[in-house]
Amino acid sequence: EQLKARVKGTAYAQALLQAQTILLETLDKYPTLQIHWTSWTGLSAHMLTLLQTFPNNLYFGLDGTVTFSKATELHECAFDLPLDKLLLETGRVIPSQVAKVLGRDAFYH
């Protein structure tokens, strides 16, 4: 319930609903399509719900932000994601000096 209350009515919640609708419509037309959700930064519970809904079609990628010490929700995703559904991503290399100055703004989201 806390999780629902935290995201209810947010842009994040709206984006998830839109994505689910798009996935349902697309997979209705192309049931064997394989989908890579790149740079997932959402919540683990939502990722797992999407995997349960689309078990044969959906794969998730995690980028370098998973290594940030304060990215605890993303760490949870990394631990919960089955290995056969994980796609490793390499994004661009950000020099540590730039990351220290710009913080999260140094990375695309």
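These numbers come from a predicted model, not from an experiment.

Focus on helix 3 (residues 44-53)
Consideration 1: The complete set of buried residues in helix 3 reads S44, H46, M47, L50 and L51. End-on view of helix 3: buried residues confined to an arc of 165°, all on one side of the axis.

Remarks on the packing of aromatic side chains
Consideration 1: With the rule as written, the count across this model stands at three aromatic pairs.
Consideration 2: Note on W37 and W40: the rings are 5.1 Å apart at their centroids and 80° apart in plane angle, and the pair reads as edge-to-face.
Consideration 3: When its relative accessible area of 2% is taken as the criterion, W40 is described as buried.
Consideration 4: Geometrically, the ring pair formed by W37 and F60 is stacked, given 5.8 Å between the ring centres and 25° between the ring planes. On the criterion of sequence distance, the pair formed by W37 in strand 1 (residues 35-37) and F60 in strand 2 (residues 58-62) is long-range, its members being 23 residues apart.
Consideration 5: On the basis of relative accessibility, which here comes to 0%, the residue F60 falls in the buried class.
Consideration 6: Three or more aromatic residues link up through ring pairs in this structure, and these residues are W37, W40 and F60.

Section: the sheet that holds strand 2
Consideration 1: Here three strands make up an open sheet; going across it, the order is 1-2-3 and the pairing parallel. Lying at the two open borders of the sheet, with one neighbouring strand each, are strand 1 and strand 3 (86-88). The mean inter-strand angle of the sheet, taken between neighbouring strand axes irrespective of direction, is 35°.

Quick notes on the pairing of strand 2
Consideration 1: Of all the five residues making up strand 2, four are buried; the element is thus mostly covered by neighbouring parts of the structure.
Consideration 2: As judged from the three bridges shared by strand 1 and strand 2, these two strands associate in the parallel manner. Residue W37 lies in a different strand from strand 2, and its bridge partner there is F60.
Consideration 3: Taken together, strand 1, helix 3 and strand 2 form a β-α-β motif whose crossover is right-handed.
Consideration 4: As paired strands, strand 2 and strand 3 are joined by three bridges and run parallel to one another. When the sheet's bridge partners are listed, F60 is paired in strand 3 with L86.
Consideration 5: What joins strand 2 to strand 3 is helix 4 (residues 72-80), and the crossover it makes is right-handed.

A closer look at the packing of helix 3 against helix 4
Consideration 1: Orientation of helix 3 relative to helix 4, taken along the N-to-C sense of each, is 35°, at an axis distance of 8 Å. Seen from helix 3, the contacting residues are S44, M47 and L48; seen from helix 4, they are E76, C77 and D80.
Consideration 2: Counted by class, the contact of helix 3 with helix 4 contains three nonpolar, one polar and two charged residues.

Some thoughts on the packing of helix 2 (residues 11-29) against helix 3
Consideration 1: Across the interface, helix 2 lies against helix 3 with an axial gap of 12 Å and an inter-helix angle of 10°. On the basis of their axis angle, the class for helix 2 and helix 3 is roughly parallel. Counted together, Y12, L16, Q20 and L23 of helix 2 and H46, L50 and T53 of helix 3 form the full contact between these two elements.
Consideration 2: For the contact of helix 2 with helix 3, the per-class residue count stands at four nonpolar, three polar and no charged.

Conventions adopted
Residues numbered from 1 in each chain as written. Predicted model: local features only at pLDDT ≥ 70, side-chain atom pairs only at ≥ 80, totals over all residues. Heavy atoms only, no water. Buried < 20%, exposed > 50% of the residue type's maximum accessible area, 1.4 Å probe, protein only. Helix = DSSP H or I, 4+ residues; strand = E, 2+ residues; numbered from the N terminus. Arc of directions from axis to C-beta. Phe/Tyr/Trp six-rings, centres within 6.5 Å; stacked < 30°, edge-to-face > 60°. Pairing = 2+ DSSP bridges. Axes fitted to C-alpha atoms, helices over the stretch in contact; angles between N-to-C directions. Right-handed = clockwise from strand over helix to strand, strands pointing away. Contact = heavy atoms within 4.5 Å. Nonpolar A, V, L, I, M, F, W, Y, C, P; charged D, E, K, R; others polar. Parallel < 35°, antiparallel > 145°, perpendicular 65-115°, else oblique.

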